[in-house]
Amino acid sequence: MGNEESSMVRDSTHPSVLEARNIEAVAKYIKKHNVKKVVVMVGAGISTSAGIPDFRSPETGLYANLAMLDLEEPEDVFDIGFFRQNPKPFYALAHELYPGRYRPTIAHTFIKLLHDKGLLLKHFTQNIDCLERQAGVPGDKIIEAHGSFATQHCIDCKVPYPDDEMYEIVKSGKVPHCKECGGLVKPDIVFFGEALPESFFLNRSLPEEADLCIVMGTSLSVQPFASLPSMCSDGVPRVLINMDRVGSLGSRPDDVLLLGDIDVGVRKFATAMGWDEELEALWEETNPDPKSREAEDAPPLTRDERLQDEVDRLTEEVERSLGITSAYEKRVRERLGEASSNDGLAHVFPHLARQSR
Ligand code: OAD
């Protein structure tokens, strides 16, 4: 048996269930063991190639950019106490993130394909963009652990607010107020300090039943979601598709890491399964606009260019909603000046950078 530490070292180099620690061996395992209970756990990283910034990426993440907008902590934008005092930063973001503006990515489509193949037990998402639903994953297969924009309530009297009016008011960049008591209305997304939805707690032990676990696009830095991968039984392969290694992924003998761009990793997985053409065809079905199909023939924007465009657009929107004071603008200029020696912040405030030159 040996002590726990020595067996962990031996196991992490020799897989116990897989033939090797690579995606081809995972594909073989899926077929050979008739895998049918896949749990998928995701975060904002699966939506960045759609143009939605994630939270914690150092330059392009929302928190890095919100830090420039005078919130004491960027996480304040999702803090219920802060929201009561100043809901505008949240609604500036909501305007950007509201479902319907973005196309699902190849990763969302891969989850739909898992479902179509009868392999998906449950999809756990921290995302509020609803792109998995848009990709066609049925609602009963999805646990929206941090809630979603699907419904909304008054934070005081809890009376629901109509969906169509919510859509219009968020689109107009305004803040919705309760028709009954005048209190603030908030989408039912989970803010820091609020409980996760009941559906999360009812399903959180499901990973114990899984025969494969796929984690994508999350830093696994927010609990209790971050604990889900560790609920999978020993001997159940866990695949991480992400830029960086996160949580405890990689520590078990049958963990397989596909580090790098998620779309690339997902396509590699699909190819190993022999699903590559099917995946691309299914993804094409999510393309709403023939013009954008033509645009796809043009050289594609890089991930950085897409994120840069999105950050520029988002920054303009947040500035418009908050109304930047001249004192603050001065401070931003100073910060731009300070930062110019290390590549600057021109990507965050392009118009200020131009004026200050
Ligand atoms: P994070 O921003 O914390 O993590 C995103 C992860 O995805 C990081 O590890 C990135 O490196 C990776 N990533 C991003 N784009 C990628 C790409 N194209 N290819 C590969 N990897 C990529 O986002 P979450 O883990 O989702 O809470 O954050 C968790 C929660 O924190 C969110 O749900 C949100 C936030 O506060 C609430 O809104 C309540």
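Everything numeric here is computed off the predicted structure, so don't read it as measured data. (Residues numbered from 1 in each chain as written. Predicted model: local features only at pLDDT ≥ 70, side-chain atom pairs only at ≥ 80, totals over all residues. Heavy atoms only, no water.)

Now for the side chain of Gln126. Mapping Gln126 onto the fold places it in the loop between β2 (120-125) and α7 (131-134). On the accessibility criterion, Gln126 (12% relative accessible area) is buried. At a separation of 2.9 Å, a polar atom in the side chain of Gln126 contacts the side chain of Thr218. (Helix = DSSP H or I, 4+ residues; strand = E, 2+ residues; numbered from the N terminus. Buried < 20%, exposed > 50% of the residue type's maximum accessible area, 1.4 Å probe, protein only. Polar contact = N/O pair within 3.5 Å; in protein donor to acceptor, adjacent residues only side chain to side chain.)

This part takes up the sheet that holds strand β7 (residues 238-242). With respect to topology, 6 strands assemble into an open sheet ordered β3-β2-β1-β6-β7-β8, the strand pairing being parallel. Edge positions in the sheet fall to β3 (142-144) and β8 (255-259), since each of these pairs with one other strand and no more. For this sheet the average axis-to-axis angle between neighbouring strands, irrespective of direction, equals 15°. One ladder, built from 5 bridges, connects strand β1 (residues 38-42) with strand β6 (residues 212-216); its direction is parallel. Following the sheet pairing, Val40 is matched in β6 by Ile214. (Pairing = 2+ DSSP bridges. Axes fitted to C-alpha atoms, helices over the stretch in contact; angles between N-to-C directions.)

A few words now on the packing of aromatic side chains. Counted under the stated rule, the structure contains 14 aromatic pairs. Centroid distance Phe78 to Phe191: 5.9 Å. Interplanar angle 80°. Geometry classified as edge-to-face. Residue Phe78 is located in the loop between α3 (62-66) and α4 (80-85), and its partner Phe191 is located in the loop between β5 (185-189) and α9 (198-203); the two are separated by 113 residues in the primary sequence. The interplanar angle of 45° and the centroid separation of 5.8 Å between the aromatic rings of Tyr98 and Tyr167 together place this pair among those described as tilted. Of the two residues, Tyr98 is situated in the loop between α5 (88-97) and α6 (106-116) and Tyr167 in helix α8 (residues 163-171); the sequence distance between them amounts to 69 residues. (Phe/Tyr/Trp six-rings, centres within 6.5 Å; stacked < 30°, edge-to-face > 60°.)

Quick look at the environment of Gly183 now. Within the secondary structure, Gly183 sits in the loop between α8 and β5. The spatial distance from the C-alpha of Gly183 to the C-alpha of Ile155 is 6.7 Å, given a sequence separation of 28 residues.

Attention shifts here to the nonpolar core. Counting residues in hydrophobic clusters, the biggest one holds 37 residues, and the most contacted among them are Leu212, Ile214, Met216 and Phe269. For this core, the secondary structure elements donating two or more residues are α2 (23-32), β1, α6, β6, β7, β8, α10 (262-273) and α11 (276-284). Ignoring any residue separated from it by four or fewer positions in sequence, one finds Met216 in contact with Val40, Met41, Val42, Gly43, Ile46, Ala107, Ile111, Ile241, Asn242, Ile262 and Val266. Among the nonpolar cores identified, the runner-up in size contains 30 residues, and Phe82, Phe83, Phe90 and Leu93 belong to it. (Core = buried A, V, L, I, M, F, W, Y, C linked by side-chain atoms within 4.5 Å. Contact = heavy atoms within 4.5 Å.)

UniProt marks His146 with the feature "active site" (unreviewed entry), using the numbering shown here. When you line up the elements, His146 lands in the loop between β3 and β4 (147-154). Taking relative accessible area as the criterion, His146 reaches 14% and is therefore assigned buried. If we ignore the near neighbours within four places in the chain, the residues touching His146 are Thr125, Gln126, Ile128, Ile189, Val190, Leu196, Val222 and Phe225. (UniProt positions renumbered as here; feature names shortened; annotations may be inferred.)

What surrounds the ligand is a group of 25 residues, the closest being Arg56, Tyr63, His146, Thr218 and Ser219. Separating an oxygen atom of the ligand from a side-chain N or O atom of Arg56 is a distance of 2.7 Å. Within the contact set of the ligand, an oxygen atom lies 2.9 Å away from a side-chain nitrogen or oxygen of Asp244. Considering the ligand on its own, with 800 Å² of exposed area, one finds that the protein chains cover 97% of that surface. (Near = heavy atom within 4 Å. Areas by Shrake-Rupley, 256 points an atom, 1.4 Å probe, with all protein chains shown as cover.)

Taking 1.5 Å of rise per residue, 12 residues should cover 16 Å, and α10 covers 17 Å from first to last C-alpha, within 8% of that figure. Along α10, the residues that are buried comprise Ile262, Asp263, Gly265, Val266, Phe269, Ala270 and Met273. Projected onto a plane normal to the axis of α10, the buried residues spread over an arc of 165° and lie on a single side. Structurally, α10 contributes buried residues whose contacts are with α2, α6, β6, β7, β8 and α11. Capping the start of α10 is the job of one residue whose side-chain oxygen sits 3.1 Å from the backbone nitrogen of Asp263: Asp261. Just downstream of α10, Gly274 is the residue with a positive phi angle, here 80°. (Expected span 1.5 Å × (residues − 1). Arc of directions from axis to C-beta.)

For the rest of this paragraph, the subject is the side chain of Glu144. You can see Glu144 is positioned in strand β3. Classification of Glu144 as buried rests on a relative accessible area of 12%. A distance of 3.0 Å separates the side chain of Glu144 from the side chain of Arg133, its partner in a polar contact.

By the criterion of burial, α6 is predominantly enclosed, with 9 of the 11 residues buried. Those residues of α6 lying buried are Ile106, Ala107, His108, Thr109, Phe110, Ile111, Lys112, Leu113 and Leu114. Positioned one or two residues after α6, Gly118 has a phi angle of 80°, which is positive.

Put simply, α2 and α10 touch, their axes get as near as 9 Å, and they point 50° apart. Considering their axes alone, α2 and α10 lie oblique with respect to each other. Between α2 and α10 lies a crossing whose hand is right-handed. Contacts between α2 and α10 involve Ile23, Glu24, Val26, Ala27, Ile30 and Lys31 from the first element and Lys268, Phe269, Ala272 and Met273 from the second. Its residues assigned to classes, the contact of α2 with α10 shows 7 nonpolar, no polar and 3 charged. (Parallel < 35°, antiparallel > 145°, perpendicular 65-115°, else oblique. Left-handed = near helix turned anticlockwise from the far one by under 90°. Nonpolar A, V, L, I, M, F, W, Y, C, P; charged D, E, K, R; others polar.)

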